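Architecture at a glance
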Amino acid sequence: MEIRTYQSANEVAKEAALYIADRIRESISRKGFFTMAISGGRTPWEMIKKLSNEDLPWEKVFLFQVDERIAPDAHPDRNLTQLFKAIEGSKLVTRLNIFPMRVNAEDMDEACEEYSSHIKRMTENGKLDLVHLGIGTDGHTASLIPNDSVLNIDDQGVAVTSIEYQGRHRMTLTYPLINQAEKILWVITGAEKAEMLDRLLHKDPLIPAGKVEQHHAIVLTEESAAVKIN
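The following refers to the structure shown.

On the surface, a cluster of negative charge is made up of Glu106, Asp107, Asp109, Glu110 and Glu113. Take Asp109: it is sitting in helix 5 (residues 108-122).

So this is what it looks like as structure tokens:
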């Protein structure tokens, strides 16, 4: 797995935006469209803000969510709420094709199947061009949470967590869908992530992030998070 280290979280956000922009241009040049799934977080929202300044054919970009909290529409806990804040005032508001997770559906199993089918319909064989991930201090990624039964799913691309995490259940992409992505982009910042970044790079099976495929992945991180890498 390729690792690129930068001095600050702001620089990581900038370089991640440039990396995604390059992938978008390459994919659209090759096949006419680009599909990606984005996670939430402080640095990722900065990444999206910087990406929104790029002059790209946004109408050919299809954006999915990696995960979402089950909370009311427009609630600040929702990743979708923060995504809209990040792109507010940019051309992405009207040109980007965003597919929100339907987390307030009456039938959540049906909503998961529907989201998975959207991804299959908009991609080549369900293979996203890029999945962006972060990592928590407990080793979770997406909403693949330690000790949750969602970690064992191998026949669904999208599922709902069986336990509450930080007060909420979540809808999340699962390992099968994440691992078949064309490219996985890890954006990891903060000194508190140093231990988990090292465990990720060693493919530690005891943390959820350690079970994500690495042969097609790249990590963009900052110096304070990379201090334990050996």
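Where helix 1 (residues 9-31) contacts helix 2 (residues 42-51), the two axes come as close as 8 Å, and the packing angle between them is 50°. Between helix 1 and helix 2, the angle is such that the two are oblique. Between helix 1 and helix 2 lies a crossing whose hand is right-handed. Where helix 1 approaches helix 2, its residues Ala9, Asn10, Val12, Ala13, Lys14, Ala16, Ala17, Ile20 and Ala21 are matched on the opposing element by Thr43, Glu46, Met47, Lys50 and Leu51. A class-by-class count of the residues in the contact of helix 1 with helix 2 yields nine nonpolar, two polar and three charged.

We now examine the packing of aromatic side chains. For the structure on display, the rule yields three aromatic pairs. Ring plane angle 50° and centroid distance 6.4 Å describe the contact between Phe62 and Phe99, whose orientation is recorded as tilted. Of the two residues, Phe62 is situated in strand 3 (residues 61-65) and Phe99 in strand 5 (residues 97-99); the sequence distance between them amounts to 37 residues. Look at Phe99 and you get buried, because its relative accessible area is 17%. Ring centres of Phe64 and Phe99 lie 4.6 Å apart, and the angle between their planes is 20°; on these two criteria the pair is classed as stacked. Here Phe64, found in strand 3, pairs with Phe99, found in strand 5; they are 35 residues apart in sequence, far enough to count as distant. An identical accessibility class is assigned to Phe64 and Phe99; each is buried. Feature note: the residues Phe62, Phe64, Phe99 and Tyr115 constitute an aromatic cluster, connected by ring pairs. Just above the ring of Tyr19 sits the side chain of Arg23; from NZ or CZ to the centre is 4.6 Å.

Here is what the cut-offs are and how they apply
Residues numbered from 1 in each chain as written. Predicted model: local features only at pLDDT ≥ 70, side-chain atom pairs only at ≥ 80, totals over all residues. Heavy atoms only, no water. Patch = residues over 30% accessible without salt bridge, like charges linked within 9 Å, V, L, I, M, F, W, Y side chains within 5 Å. Areas by Shrake-Rupley, 256 points an atom, 1.4 Å probe, with all protein chains shown as cover. Salt bridge = Lys/Arg side-chain N within 4 Å of Asp/Glu carboxyl O. Lys, Arg positive; Asp, Glu negative; His and termini not counted. Charge placed at Lys NZ, Arg CZ, Asp CG, Glu CD. Helix = DSSP H or I, 4+ residues; strand = E, 2+ residues; numbered from the N terminus. Axes fitted to C-alpha atoms, helices over the stretch in contact; angles between N-to-C directions. Parallel < 35°, antiparallel > 145°, perpendicular 65-115°, else oblique. Left-handed = near helix turned anticlockwise from the far one by under 90°. Contact = heavy atoms within 4.5 Å. Nonpolar A, V, L, I, M, F, W, Y, C, P; charged D, E, K, R; others polar. Phe/Tyr/Trp six-rings, centres within 6.5 Å; stacked < 30°, edge-to-face > 60°. Buried < 20%, exposed > 50% of the residue type's maximum accessible area, 1.4 Å probe, protein only. Lys NZ or Arg CZ within 6 Å of the ring centre and 35° of its normal.

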